[in-house]
Amino acid sequence: MSEQDLVRDRCVVVTGGGNGIGRAIARKMAAQGARVVVGDLDTDAAARVAAEVGGVAVGGDASTDEGVARLLSAAGHVDVFFANAGSGVGKGIETPDADWHTALEVNVMAHVRAARALIPGWLESGGGRFVVTASAAGLLTMLGSAPYSVSKHAAVAFAEWLAVTYGHRGVTVQAICPQGVRTKMLDDSGEFRDLLSHDAALEPEQVAEVVWEALHDDRFLILPHPEVQRYYETRAGRTDAWLAGMRKLQKRFDDAETVVRND
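Residues numbered from 1 in each chain as written. Predicted model: local features only at pLDDT ≥ 70, side-chain atom pairs only at ≥ 80, totals over all residues. Heavy atoms only, no water.

A. Just the side chain of arginine 113, in detail. Its place among the elements puts arginine 113 in helix α4 (residues 97-125). For arginine 113, a relative accessible area of 15% translates into the label buried. Looking at arginine 113, its side chain comes within polar contact range of the main-chain oxygen of serine 63, at 2.5 Å. Not counting residues within four places of it along the chain, the set of residues in contact with arginine 113 comprises Ser63, Thr64, Asp65, Val68 and Glu105. (Helix = DSSP H or I, 4+ residues; strand = E, 2+ residues; numbered from the N terminus. Buried < 20%, exposed > 50% of the residue type's maximum accessible area, 1.4 Å probe, protein only. Polar contact = N/O pair within 3.5 Å; in protein donor to acceptor, adjacent residues only side chain to side chain. Contact = heavy atoms within 4.5 Å.)

Set out below in structure tokens:
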């Protein structure tokens, strides 16, 4: 199979495809010959990207059964599903239940509902590919946002479970785990923006290039920031040292916030 034949004339669905990483992935897949379905809560953004790539736009909430059904109806047979839509709501333990609900629905249950709809058909037809956009926060943690950290850990865990359960039956599962990417979510991260950009914030197009490469070797973890591999290994092998380092970072932010409040 040649490089382009991986997705040429195949149906690729991208949720959250109206902006950021999703838009870049949609454009990359279309450039490689895929038929792209662009889903987004922002119907106008989905339409703009679909027009760019010669694809189909589907507006709606990809975290709901109805939203998933609308996407799959527009797509027909799906070969590759990028579960890319995400939410960055919430901060600390004071985060209200409604924001926790949003984070878990969008960052976890959207993947569950899509997989539930897709995998039975893939098992009958010979396979498919399910790619979750998680985050380095799903391997490490995200200072300042409990809902994001918890939901992204869950997203990685669900992807891992899918890979273990269905990987030998023709379903390839992958998890994209970037650090800072120049998107609206990074712009909205406030005092934590510098931390997320510590190893250089990437452009969405750079992430899409790494994703394209990873489709060819089926690696489970797609790490646009290669440094994350080392951090992840440190976290697993020297957990207490890792936590001590993270506490120092948190204290630095706490001290900076105290200074700002007292000015």
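B. Spatial organisation of the sheet that holds strand β7 (residues 221-222). Ordered in space as β3-β2-β1-β4-β5-β6-β7, the 7 strands form an open sheet in which the pairing is parallel. Edge positions in the open sheet fall to β3 (56-59) and β7, since each of these has one partner strand only. Pairing of strand β4 (residues 80-83) with strand β5 (residues 128-133) involves 4 bridges; the strand directions are parallel. Across the sheet, residue phenylalanine 82 finds its bridge partner in β5, namely valine 131. Packed onto the sheet, helix α5 (residues 146-166) meets β5 and β6 (171-176) and runs at close to 160° relative to β6. Sitting on the sheet, helix α8 (residues 204-215) touches β4, β5, β6 and β7, and the angle it makes with β6 is about 150°. (Pairing = 2+ DSSP bridges. Axes fitted to C-alpha atoms, helices over the stretch in contact; angles between N-to-C directions.)

C. Structural context of the packing of α4 against α5. For the pair α4 and α5, the least separation of the axes is 8 Å and the interaxial angle reads 15°. Judged by the angle between their axes, α4 and α5 are roughly parallel. Handedness of the α4/α5 crossing: right-handed. For the pair α4 and α5, the contacting residues are Trp100, Ala103, Leu104, Asn107, Val108, His111, Val112, Ala115, Ile119 and Leu123 in the first and Ala146, Pro147, Tyr148, Val150, Ser151, Lys152, Ala154, Ala155, Phe158, Leu162 and Tyr166 in the second. Tallied by class, residues from the contact of α4 with α5 come to 17 nonpolar, 3 polar and 1 charged. (Parallel < 35°, antiparallel > 145°, perpendicular 65-115°, else oblique. Left-handed = near helix turned anticlockwise from the far one by under 90°. Nonpolar A, V, L, I, M, F, W, Y, C, P; charged D, E, K, R; others polar.)

D. Here's a closer look at the nonpolar core. Judged by nonpolar contacts, the single largest core of 42 residues is most densely connected at Val13, Val78, Phe81, Trp122, Phe130 and Leu162. Not counting residues up to four positions away in its chain, the partners in contact with phenylalanine 130 are Phe81, Ala83, His111, Ala114, Ala115, Leu118, Trp122, Leu162, Thr172, Val173 and Gln174. Val7, Met29, Ala30 and Val210 belong to the second largest nonpolar core, which has 31 residues in total. (Core = buried A, V, L, I, M, F, W, Y, C linked by side-chain atoms within 4.5 Å.)

E. A look at the pairing of β5. Counting buried residues along β5, 6 of its 6 residues qualify, which places the element largely inside the surrounding structure. Both faces of β5 are covered, namely the face carrying Gly128, Phe130 and Val132 and the face carrying Arg129, Val131 and Thr133. Tracing the backbone out of β4, into α4 and back to the parallel element β5 gives a crossover that is right-handed. In the sheet, β5 pairs with β6 via 6 bridges, with the strands oriented parallel. By the bridge assignment, arginine 129 is partnered in β6 with threonine 172. (Right-handed = clockwise from strand over helix to strand, strands pointing away.)

F. Summary view of the packing of helix α1 (residues 20-31) against α8. Where α1 meets α8, the axes come as close as 8 Å, and the angle between the chain directions of the two elements is 50°. Taken together, α1 and α8 sit at an angle that is classed as oblique. Handedness of the crossing formed by α1 with α8: right-handed. Contacts from Gly20, Ile21, Arg23, Ala24, Ile25, Arg27, Lys28 and Met29 in α1 reach Pro204, Glu205, Val207, Ala208, Glu209, Val211, Trp212 and Leu215 in α8.

G. Fine view of the environment of valine 38. Counting through the fold element by element, valine 38 comes out in strand β2 (residues 35-40). Among residues more than four places away in sequence, those in contact with valine 38 are Val14, Gly17, Gly18, Ala26, Ala46, Val49, Ala50, Val56, Ala57 and Val58.

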